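Per-entry structural report
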Amino acid sequence: MFRSVDEVAARLAGTGYLASPAVATTVFLADRLGKPLLVEGPAGVGKTELAKAVAEVAGARLVRLQCYEGVDESRALYEWNHGKQLLRISAGRDESWDETRTDIFSEEFLLPRPLLTAIRGDDPKVLLIDETDKADVEVEGLLLEILSDFQVTVPELGTITATRRPFVVLTSNASRELSEALRRRCLFLHIGFPDEELERRIVRLKVPGLGAALAESVVRVVGALREMELRKVPSVAETIDWARTLLALGADTLDETVVRDTLGVLLKHQDDILRAAAKLDLDAV
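Below is a short write-up of the structure.

Quick look at helix α2 (residues 21–33)
Over its 13 residues, α2 extends 18 Å from the first C-alpha to the last, a length consistent with the 18 Å expected when each residue adds 1.5 Å. For α2, the complete set of buried residues consists of Val 23, Ala 24, Thr 26, Val 27, Phe 28, Ala 30 and Asp 31. Considering only its buried residues, α2 is in contact with α1 (5–14), β1 (37–40), α3 (47–58), β8 (167–172) and β9 (187–190). Taken from the residues just after α2, Gly 34 is the one with a positive phi, measuring 70°.

Section: the packing of aromatic side chains
Under the counting rule described, the total for this entry stands at two aromatic pairs. When the ring of Tyr 78 is compared with that of Trp 80, the centres are 6.4 Å apart and the planes differ by 80°; the resulting orientation is edge-to-face. Of the two residues, Tyr 78 and Trp 80, both sit in the buried class. With 5.1 Å between their ring centres and 85° between their planes, Trp 80 and Phe 105 make a pair best called edge-to-face. Of this pair, Trp 80 sits in strand β3 (residues 78–80) while Phe 105 is found in the loop between α6 (97–104) and β4 (110–112), placing the two residues 25 residues apart along the sequence. Taking the relative accessible area as the measure of exposure, Phe 105 reaches 22% and is therefore partly exposed. Every member of this aromatic cluster is reached through a ring pair, and the members are Tyr 78, Trp 80 and Phe 105. One Lys or Arg, Arg 226, reaches over the ring of Phe 193 and ends 4.2 Å from the middle of that ring.

Overview of the environment of His 269
By the element assignment, His 269 lies in the loop between α13 (256–266) and α14 (270–279). For His 269, a relative accessible area of 25% gives the class partly exposed. When the C-alpha positions of His 269 and Ser 74 are compared, they lie 36 Å apart, and in sequence the two are 195 residues distant. Excluding anything up to four places from it in sequence, His 269 contacts Arg 231 and Lys 232.

A few points about the nonpolar core
Nonpolar side chains in soluble globular proteins generally cluster together in the buried interior. Counting residues in hydrophobic clusters, the biggest one holds 35 residues, and the most contacted among them are Leu 77, Leu 115, Leu 116, Ile 129 and Leu 170. Secondary-structure elements contributing two or more residues to this core are β2 (61–66), β3, α7 (114–119), β5 (125–130), α8 (137–149), β6 (151–154), β8 and α9 (180–184). Here this core gets six residues from one element, more than from any other, and that element is α8. If sequence neighbours within four positions are ignored, Ile 129 has contacts with Leu 65, Cys 67, Leu 115, Leu 143, Val 168, Val 169, Leu 170 and Thr 171. Formed by 32 residues, the second largest nonpolar core is a distinct cluster that contains Val 218, Val 222, Ala 224 and Met 228.

Criteria and thresholds
Residues numbered from 1 in each chain as written. Predicted model: local features only at pLDDT ≥ 70, side-chain atom pairs only at ≥ 80, totals over all residues. Heavy atoms only, no water. Helix = DSSP H or I, 4+ residues; strand = E, 2+ residues; numbered from the N terminus. Expected span 1.5 Å × (residues − 1). Buried < 20%, exposed > 50% of the residue type's maximum accessible area, 1.4 Å probe, protein only. Contact = heavy atoms within 4.5 Å. Phe/Tyr/Trp six-rings, centres within 6.5 Å; stacked < 30°, edge-to-face > 60°. Lys NZ or Arg CZ within 6 Å of the ring centre and 35° of its normal. Core = buried A, V, L, I, M, F, W, Y, C linked by side-chain atoms within 4.5 Å.

Below is the structure:
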């Protein structure tokens, strides 16, 4: 998809995703080496958006597996349309079981889920396995098979092998440690909070009506909050939301009243809001 690291950065920027040199380099290598990309970091720093941006610049279909506790093979890989199968069995009462079985376990009755969808067909795809750390450990075994050979065995149909491998992005908030076997199969990228210059550029890009001086103040205040001992420090997503809030309120500068009244946009816990209100010194930032 990409001829150089600079091209990665430029094309991602064209979608509104400003990538650091480390991000652009790792995306280029994942594409060039054909390796899955494991992206780790706190929530709201752009891990999922990176996969969406890659899909957009590649003109590829985004196939998303949202992981959660309890997700299993039928939700991730495939399952059979049991209702349709029962109707088919009822309609063919005069047939032998062998005839019926051959029919009901065919493509017509198969319901592909994200992992199977991603490896079927010749169209370009980006497979996003989102919040991998929230899935049970057993699901990792399934991912190992998919990411090693890009093939799936459906007992009734045989082995389905990808004719065109998808670009794979796995994201993790590091709520639990992923297995070493899974990590070995991936290129690793950690996306943390951006430096002030990059975050200012992101804010100005996402909130074009915001003035340069106010954007700088916003980024500095958010940086000060991240240095506090809070339950949940604000992410880049919250920075953008706060900038949009200030723009909607018509604020030209930051003062104690505006900051105090809008802290709920940045912080999501009452004890964090109280601590920030007590400790934040606007004159110092």
